[in-house]
Amino acid sequence: MIKLPTCLLLGLVLVLPQMGYTEADNLRLITVGGKGEVSVNPDRATLSLGVESRGPVLDKARDEVNTITNKFLAFAKRLGVADRYVSTTGANIRPEYHWDNKSGERNLTGYYVSRSLIVDLRDLEKLGQLVEGAVDLGVNQVSDPALGLADQSGAEREALKRAAEDAEQNAAVLAKTLGVKVGPVRSITATDMGYSPPSPRATVMMRAEAASDGAASYSAGQVKFSTRVNAQFDIAD
């Protein structure tokens, strides 16, 4: 084996390239975020309603629930809500007991019966009528309507477009401030409130204001779609 002088070995070590060096180390980038929002009027509402009854006799409680449910279905049909937009599949029947501490026994006190109603309303002009009418008929469980769009793809894309434009403008402001020019976009990703894939989240406000006509006091707010993007632009030479 040929032995090299120590000084030559040191010289060889000094000219070896650094390990892990990549072309990306020379990149000059501007990394920015952008956000976009679109507010639109909703065109559909999903209502979750329920009918509950308790009583010592099962048949009586069940008949009461079924009677109110049938009245509501007839009422919804009169309002023009098609059968395919009304679901009544949810049902629950259970006995209820009371524990007697003295005897150490569980005694039957009655029965609980409920039916769930879900309505996909496509005419929001009838929202107040439907809710108020349901309560008048005996529906005793009413949740806040979930408002949205039958087709939300257009609003989602508009929010995405605005987010991309916002990111581009943010990059331009940074570049101008620092005396450089924005080059081509290198990468861009879109997210929405942490969800993946991006799907702008719809938020809505429903308010009932004091009025002589309860049905007329329902006013739907706007549905808001929002999304965010992160983008990287080259710094132009």
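Please refer to the structure higher up on the page.
Residues numbered from 1 in each chain as written. Predicted model: local features only at pLDDT ≥ 70, side-chain atom pairs only at ≥ 80, totals over all residues. Heavy atoms only, no water.

Asks: Lay out the environment of serine 143 in plain terms, naming residues and giving numbers.
Replies: Note on placement: serine 143 falls in the loop between strand E6 (141-142) and strand E7 (146-148). Overall, the relative accessible area of 31% leaves serine 143 in the partly exposed class. A distance of 3.1 Å separates a polar atom in the side chain of serine 143 from the backbone oxygen of serine 48. (Helix = DSSP H or I, 4+ residues; strand = E, 2+ residues; numbered from the N terminus. Buried < 20%, exposed > 50% of the residue type's maximum accessible area, 1.4 Å probe, protein only. Polar contact = N/O pair within 3.5 Å; in protein donor to acceptor, adjacent residues only side chain to side chain.)

Asks: Can you explain the packing of aromatic side chains? Please cite residues and give values.
Replies: Summed over all chains, the structure comprises 0 aromatic pairs. Sitting over the ring of tyrosine 112, arginine 94 keeps its end group 4.1 Å from the ring centre. Its guanidinium or amino end placed over the ring of tyrosine 97, arginine 106 lies 3.8 Å from that ring's centre, counting from NZ or CZ. (Phe/Tyr/Trp six-rings, centres within 6.5 Å; stacked < 30°, edge-to-face > 60°. Lys NZ or Arg CZ within 6 Å of the ring centre and 35° of its normal.)

Asks: Explain the nonpolar core to me, using residue names and the numbers behind them.
Replies: Leu47, Leu49, Phe72, Val81, Val119, Leu130 and Val139 are the most contacted members of the largest nonpolar core, which totals 23 residues. Mapped by element, the contributors of at least two residues to this core are strand E2 (44-55), helix H2 (58-78), strand E5 (105-121) and helix H3 (127-137). If one sorts the elements of this core by residue count, H2 sits on top with 6 residues. The contact partners of leucine 130, leaving out residues within four places of it in the chain, are Leu47, Phe72, Phe75, Ala76, Leu79, Val119 and Leu121. Counting 10 residues, the second-largest nonpolar core is a separate cluster that includes Ala163, Ala175, Val229 and Phe233. (Core = buried A, V, L, I, M, F, W, Y, C linked by side-chain atoms within 4.5 Å. Contact = heavy atoms within 4.5 Å.)

Asks: Give a detailed account of the pattern of salt bridges, specifying residues and quantitative values.
Replies: Enumeration over the complete set of coordinates arrives at 10 salt bridges. Here aspartate 120 makes a salt bridge to arginine 44, at a shortest N to O gap of 2.6 Å. Residue aspartate 120 is located in strand E5, and its partner arginine 44 is located in strand E2; the two are separated by 76 residues in the primary sequence. Residue aspartate 120 is classed as buried on the basis of its relative accessible area of 13%. The closest approach of N and O atoms between arginine 54 and glutamate 96, which form a salt bridge, is 2.8 Å. (Salt bridge = Lys/Arg side-chain N within 4 Å of Asp/Glu carboxyl O.)

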